[in-house]
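Understanding the architecture of this molecule
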Amino acid sequence: MKTYPLYLNGEFIATDNIWPVINPATGEPFARVSTIERARVAQAVSDAHAAFPSWRKLTGKARGLFLRTIADELERRRDEIARTMTMENGKPLAQSLTEIAMSIDHLQWFAEEARRTYGRQVPHQVDGKRHLVIRTPMGVIAAITPWNFPLVLAVRKVAPALAAGNTIVLKPAEQTPLSALGIAECVSAAGLPKGVFQLVLGDAAPIGQEFLQNPLCRKITFTGSTEVGKILIAGAAQGVKPLSLELGGNAPVLVFEDADFERAVEGVLIAKTRNIGQSCIAANRIYVQRSIYEKFLDAFTRRMKALKVGNGLEPGVDIGPLIDEAGLTKALAHIEDAVTRGAHLLCGGKRIGEKGFFVEPTVMAEVAEDALCMKEETFAPVAPIRAFSTEDEAIRMANDTASGLSAYAFTNNLDRVFRLMESLEAGTIGINDGVPSTSNCPFGGLKQSGWGRELGSEGIDAFLETKHVSLGLQI
Ligand code: ADP
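Okay, so let's go over this structure. All values reported here derive from a predicted model rather than from experimental measurement.

1. Section: the overall build of the protein
From N to C terminus, the protein includes 15 helices and 25 strands. Relative to a compact globule of 475 residues, whose C-alpha radius of gyration would be 23 Å, the protein shows 23 Å and is just as compact. With the C-alpha coordinates aligned to their principal axes, the bounding extent of the protein is approximately 75 × 65 × 40 Å. Relative to its 475 residues, the protein shows a buried fraction of 56%. Long-range pairs, those at least 24 residues apart, make up 72% of the contacts in the protein between residues at least 6 apart in sequence. Summing over all exposed atoms, the protein offers an accessible surface of approximately 19100 Å²; the carbon and sulfur share of this is 52%.

2. Points about the sheet that holds strand S15 (residues 344-347)
Judged by pairing direction, the sheet is mixed, and its seven strands sit side by side in the order S15-S18-S19-S14-S13-S21-S22 without closing on themselves. Where the open sheet ends on each side, the last strands, each with one partner, are S15 and strand S22 (428-431). Taking each pair of neighbouring strands and ignoring which way they run, the sheet shows an average axis angle of 20 degrees. Strand direction decides the pairing type here: strand S13 (residues 251-255) and strand S14 (residues 283-289), joined by five bridges, are parallel. For Ala251, the partnering residue across the bridge sits in S14 and is Ala283. Along the sheet, helix H9 (residues 261-273) contacts S13, S14, strand S19 (382-388) and strand S21 (406-410); its crossing angle with S21, the most-contacted strand, is approximately 165 degrees.

3. Comments concerning the pairing of strand S18 (residues 362-365)
Judged by which residues are buried, S18 turns out to be covered on both faces: Thr362 and Met364 on one side and Val363 and Ala365 on the other are all buried. Here S15 pairs with S18 via three bridges, running antiparallel. From the neighbouring strand, Leu345 faces S18, where its bridge partner is Met364.

4. Focus: the site of the ligand
With respect to spatial proximity, 16 residues lie near the ligand, and among them Thr145, Trp147, Lys171, Glu174 and Ser225 are the closest. Take Trp147: an N or O atom from its side chain is 3.2 Å from an oxygen atom of the ligand. The side chain of Lys171 places a nitrogen or oxygen atom 2.9 Å from an oxygen atom of the ligand. Protein contacts shield 78% of the accessible area of the ligand, which totals 550 Å² for the unbound molecule. Going through the elements one at a time, helix H7 (204-213), strand S11 (217-223) and helix H8 (226-239) are the ones with two or more residues in the shell around the ligand. The element that contributes the greatest number of residues to the shell around the ligand is H7, accounting for three residues. Of the residues in the shell around the ligand, the class split is nine nonpolar, five polar and two charged.

5. Quick look at the sheet that holds strand S4 (residues 18-23)
With respect to topology, three strands assemble into an open sheet ordered S1-S5-S4, the strand pairing being mixed. Two strands lie at the open edges of the sheet, namely strand S1 (3-4) and S4, each paired on one side alone. Against the sheet, helix H3 (residues 78-89) engages S4 and strand S5 (28-34), with an angle of about 90 degrees to S4. Of the strands in this sheet, S1, S4 and S5 touch helix H6 (residues 177-190), which is tilted by about 45 degrees from S5.

6. Overview of the packing of aromatic side chains
Counted according to the given criterion, the structure contains seven aromatic pairs. Ring plane angle 40 degrees and centroid distance 4.6 Å describe the contact between Tyr7 and Phe12, whose orientation is recorded as tilted. The class of Tyr7 is buried, set by a relative accessible area of 4%. We classify Phe12 as partly exposed; its relative accessible area is 35%. Geometrically, the ring pair formed by Phe296 and Phe300 is stacked, given 5.4 Å between the ring centres and 10 degrees between the ring planes. Within this pair, Phe296 and its partner Phe300 are both found in helix H10 (residues 293-305), separated by four residues, close to a single helical turn. Accessibility expressed as a relative area gives 0% for Phe296, which makes it buried. One aromatic cluster in this structure is built from Tyr7, Phe12 and Phe197. Directly above the ring of Phe443 sits Arg156, whose terminal nitrogen or CZ lies 5.3 Å from the centroid. The side chain of Lys295 reaches across the aromatic face of Phe261, ending 4.2 Å from its centre.

Procedures and definitions
Residues numbered from 1 in each chain as written. Predicted model: local features only at pLDDT ≥ 70, side-chain atom pairs only at ≥ 80, totals over all residues. Heavy atoms only, no water. Helix = DSSP H or I, 4+ residues; strand = E, 2+ residues; numbered from the N terminus. Rg over C-alpha atoms; globule rule 2.2 N^0.38 Å. Buried < 20%, exposed > 50% of the residue type's maximum accessible area, 1.4 Å probe, protein only. Contact = heavy atoms within 4.5 Å. Areas by Shrake-Rupley, 256 points an atom, 1.4 Å probe, with all protein chains shown as cover. Pairing = 2+ DSSP bridges. Axes fitted to C-alpha atoms, helices over the stretch in contact; angles between N-to-C directions. Near = heavy atom within 4 Å. Polar contact = N/O pair within 3.5 Å; in protein donor to acceptor, adjacent residues only side chain to side chain. Nonpolar A, V, L, I, M, F, W, Y, C, P; charged D, E, K, R; others polar. Phe/Tyr/Trp six-rings, centres within 6.5 Å; stacked < 30°, edge-to-face > 60°. Lys NZ or Arg CZ within 6 Å of the ring centre and 35° of its normal.

Fair warning: the whole summary comes from geometry, so function is off the table for now.
The structure is reproduced here in structure tokens:
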């Protein structure tokens, strides 16, 4: 079994302290990965700090060219990295390839944005003064990323941080380090100066503390659970460390009677089942207008039953395994809880087989508003559905959550679309669109779903300081 290295100060380094990488389709390890202690992470931060002055000095265009070369390398190695991603994460191969395509697009987007970190000149109020607003990179950035989109969620941090002239230390999730190693390999092949990008792995809590407490680390950018987000917020207080946080979601979907029916069924299906339901913008709760409720249940259940479940490496698979035992246990607990509270099970509901972490695509109707699956992210192909009567009721139920990452609505009524856009409490709103993410637009959450935005032009702002320079001049 191969043991993979980390990427520290321009070198691939294997250590004695190794962790297994598990294939969720079998539950068995298929590789090993090196890990390091907190002290070695502190060294990585120092090395990133040493690499900062010459990296920031390059023009945005020059840094953008490096990003383009990383993108080209990712494209060249697409099939192999996609396979590795499916093996460590479980997602169907076609979806790993889509994730790589999106990662390439992010790199290209930020390669372009690197040239556009504009400042401005502001009109003066006092004769003999001139005012400039300039934007400068921050220094060493720490990125902590989750397992569900192991490549693209790292790239949407690494690419803008580097484009803006920062250096970065990435700590991926323990379940999926090899996709992140793919980035390191592409960075190395692209010839980035040593220390500009580094990959670390080890016990998450002490590494998180190092990032929080090390004054050379100027910002932490994190995607993961609200629980860990709160640990970072508490820890950031002492050093007043800036944070960008993409935390959990609990996305509602509203299907109105005036929607294009087939389009709504397909849109809800993709929003629910993409990435095996393990996306923070996954449709978690589905609300359907009463007049089309029965018809929707029928059509949607038929589509869910037809999905092919299996090892993501097999052709034609729609639904792979969940990430681990804990993910499976949570999904089954949410189903049991909903049924106990009176939900009707229309399909699925059980684990498949003993090997790997597979769950049947599941549809439940008449799900109680206070069921766990309506309150928390289920992170599985489990669809709880409820009926609503009026738009006001639908909006009230949609917003009745502490999360605010994404929301979906299916309707052909333009007036309603504008009312929904303005009243739904979510950072991303998909109207007749089950896959709303794009490199070009900001992504992030309201309420407890986080702080700040990634992607779009906001994505690079998150890694720039703003300075006002007041010039006293004799003119
Ligand atoms: P999930 O529940 O999806 O696994 P987590 O928030 O636990 O989400 O994990 C997201 C990332 O946060 C992973 O890289 C994980 O290692 C890291 N992490 C977990 N605990 C901590 C912690 N105490 N401090 C910093 N990072 C952490």
